[in-house]
Amino acid sequence: MQSSSLSQGEGNTLFPIVLSVVAAAATGVLWAYANPIQLVPGVIQWRIFAFLPPVVGILIGWRSGFICGYLGTIIWSLLAGTFIPAHSLIVDGIMVGLTGLVPGLLFDPAKTSFDRATLLRIALTCLVVGVVMVAAVSASLAYLGIFPFWWAFGYIGLSDIVPMVIGTPLLILPALKILKSAHPAGFKRF
């Protein structure tokens with residue numbers, strides 16, 4: 001595959017922060033309006049852009065990945081009309097934020113060669129983090145009396161885990177090329 005690196009020096013720290021907020025807004029809007037397949041009409045749709053927090057976490061930094069996932073979830077829930085304060089702000093936001101944070105901690109483009117084995121490890125990481133996220137979110141929804149645990153686990157797992165496991169390793173190299181073109185001098189990951 002391809003070896004890659006981003007400058008880790010004294011580069012611009014504002015760039016990754018701004019990019020993570022923009023990615024969070026895009027994530028929330030795409031989750032709310034660009035999900036063509038309704039798994040449970042009006043309630044759970046197949047979030048084909050669930051790969052965005054892990055991709056942002058890996059490329060821009062673990063904090064950026066968390067911001068993308070957390071704020072993306074809040075924006076999505078407000079736009080979709082599914083905002084539940086205790087659930088959205090605490091459980092859902094934090095757990096989806098972790099889907100960006102954990103891959104960002106484990107895979108740094110400056111220290112990682114994105115060969116087939118690494119891409120497979122990225123997919124496995126997304127699977128594990130996704131299962132933990134879905135279990136916590138499903139438990140929260142069951143506790144609040146909104147959905148039964150296993151029902152929520154199945155549908156939310158299909159909604160979020162599948163796009164993360166397939167999309168993240170598939171899109172990491174093209175996204176890295178775009179990022180390098182956008183900021184060729186490099187930047188400090190956030």
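Note that the coordinates shown come from a computational prediction; the quantities given were computed from them, not determined experimentally. Residue indices follow the written sequence of each chain, beginning from 1 at its first position. Restriction of local features to residues with pLDDT of at least 70 applies here, the model being predicted, together with a cutoff of 80 or more for giving and counting side-chain atom pairs; totals for whole chains, interfaces and linings are based on all residues. As a rule here, side-chain values come from all non-hydrogen atoms in the structure, and water together with hydrogens is ignored.

## Some details on the overall build of the protein chain
This is how it is decided: Secondary structure elements follow DSSP: runs of H or I of four or more residues count as helices, runs of E of two or more count as strands, with numbering from the N terminus. Only protein chains enter the calculation, and the probe is 1.4 Å; a residue is then buried if its accessible area is under 20% of its type maximum, exposed if over 50%, and partly exposed in between. Pairs of residues are marked as contacts when any of their non-hydrogen atoms sit within 4.5 Å. Here the Shrake-Rupley method, with its probe set to 1.4 Å, supplies the accessible areas, and only the displayed protein chains count as covering residues.
Across its full length, the protein chain holds 6 helices and 4 strands. Of the regular secondary structure in the protein chain, the N- to C-terminal order runs β-α-β-β-α-α-α-β-α-α. A total of 190 residues make up the protein chain; the buried ones form 46% of that total. Sequence separation of 24 or more characterises 76% of the internal contacts of the protein chain that already satisfy a separation of 6 or more. Counting every atom, the protein chain has about 8,700 Å² of accessible surface; 73% of that belongs to carbon and sulfur.

## Comments concerning the pattern of salt bridges
Condition: Any carboxyl oxygen of Asp or Glu that lies within 4 Å of a side-chain nitrogen of Lys or Arg is treated as forming a salt bridge with it.
The final tally for this structure, using the stated rule, is 2 salt bridges. The salt bridge involving Arg47 is made with Asp160; its shortest N-O contact spans 2.6 Å. Here the residue Arg47 occupies a position in the loop between β3 (44-45) and α2 (52-60), and Asp160 occupies one in helix α6 (residues 149-182), the gap between them amounting to 113 residues. Neither residue differs from the other here; Arg47 and Asp160 are each classed as buried. In this structure, Arg189 engages Asp108 in a salt bridge whose closest nitrogen and oxygen atoms are separated by 3.4 Å. Here Arg189 is found in the segment after α6, whereas its partner Asp108 is found in the loop between α4 (85-106) and β4 (113-114), with 81 residues between them in sequence.

## Focus on helix α3 (residues 62-80)
Rules: Helix span, expected: 1.5 Å multiplied by one less than the number of residues in the helix.
For α3, spanning 19 residues, the distance from its first C-alpha to its last is 26 Å, which sits close to the expected 27 Å at 1.5 Å a residue. Ser64, Gly65, Cys68, Gly69, Gly72, Thr73, Ile74, Trp76 and Ser77 are the residues of α3 that are buried. One or two positions beyond α3, positive phi appears at Gly81, with a value near 75°.

## Describing the environment of Leu173
Looking at where Leu173 falls in the secondary structure, it is placed in helix α6. Residues Leu173 and Pro109, 64 residues apart in the sequence, show an inter-C-alpha distance of 10.0 Å.

## A word on the packing of aromatic side chains
Here is the rule: The aromatic pairing rule takes the rings of Phe, Tyr and Trp, using the six-membered ring of Trp, and pairs them if the centres are within 6.5 Å, calling planes under 30 degrees apart stacked, those over 60 edge-to-face and the rest tilted. Note on geometry: a ring has a charge over it if NZ (lysine) or CZ (arginine) is within 6 Å of the ring centre and within 35 degrees of the ring normal.
Scanning all chains against the criterion turns up 7 aromatic pairs. Centroid distance Trp150 to Phe153: 5.4 Å. Interplanar angle 70°. Geometry classified as edge-to-face. Separated by 3 residues within a single helix, Trp150 and Phe153 lie in helix α6, roughly one turn from each other. Grouped by ring-pair contacts, the aromatic residues Phe147, Trp151 and Tyr155 constitute a single cluster. Between the NZ or CZ atom of Arg47 and the centre of the ring of Trp31, over which it lies, the distance is 3.9 Å. The side chain of Arg63 reaches across the aromatic face of Phe190, ending 5.4 Å from its centre.

## What to know about the confidence of the model for the protein chain
Quick note on the threshold: As a per-residue measure, pLDDT tells how confident the predictor is, with possible values from 0 to 100.
Looking at the protein chain as a whole, its pLDDT mean stands at 87, while 89% of the residues score no less than 70. Mean pLDDT across the secondary structure elements of the protein chain bottoms out at strand β1 (residues 2-3), with 44, and peaks at helix α5 (residues 116-143), with 96. In the model, residues 1-5 has pLDDT below 50 throughout and makes 20 contacts with residues more than four positions away in sequence or in other chains.

## Brief notes about a nonpolar patch on the surface
Here is the rule we go by: Here a patch means residues that are over 30% exposed by relative accessible area and free of salt bridges, tied together within 9 Å if like-charged and within 5 Å if nonpolar (Val, Leu, Ile, Met, Phe, Trp, Tyr).
Side chains of Leu78, Phe83, Leu89, Ile90 and Ile94 sit close together on the surface and give an oily, nonpolar patch of about 420 Å² of accessible area. Looking at the nonpolar patch, the element that brings in the most residues is α4, giving 3 residues. Mapped onto the elements of the fold, Phe83 is located in the loop between α3 and α4.

## Notes on the layout of surface pockets
In plain terms, the rule: Cavities and pockets were defined on a 1 Å grid built over protein atoms only: a cavity is a set of grid points that admits a 1.4 Å probe from which the probe cannot escape, a pocket is an open set flanked by protein on both sides within 12 Å along at least five of seven lines, and lining residues are those with an atom within 4 Å of any such point. Grid points are joined across faces, edges and corners, and a volume is the space filled by probe spheres set on the points. Each residue gets one of three labels, nonpolar for Ala, Val, Leu, Ile, Met, Phe, Trp, Tyr, Cys and Pro, charged for Asp, Glu, Lys and Arg, and polar for the others, Gly among them.
Roughly 260 Å³ of volume is contained in the second largest pocket. Around the second largest pocket sit 13 residues that line it, and Leu19, Val56, Ile60, Ala175 and Leu179 are the ones nearest its centre. Those elements that provide at least two residues to the lining of the second largest pocket are α1 (14-33), α2 and α6. With 5 residues, the top contributor of residues to the lining of the second largest pocket is α2. The residue makeup of the lining of the second largest pocket, split by class, is 13 nonpolar, no polar and no charged.

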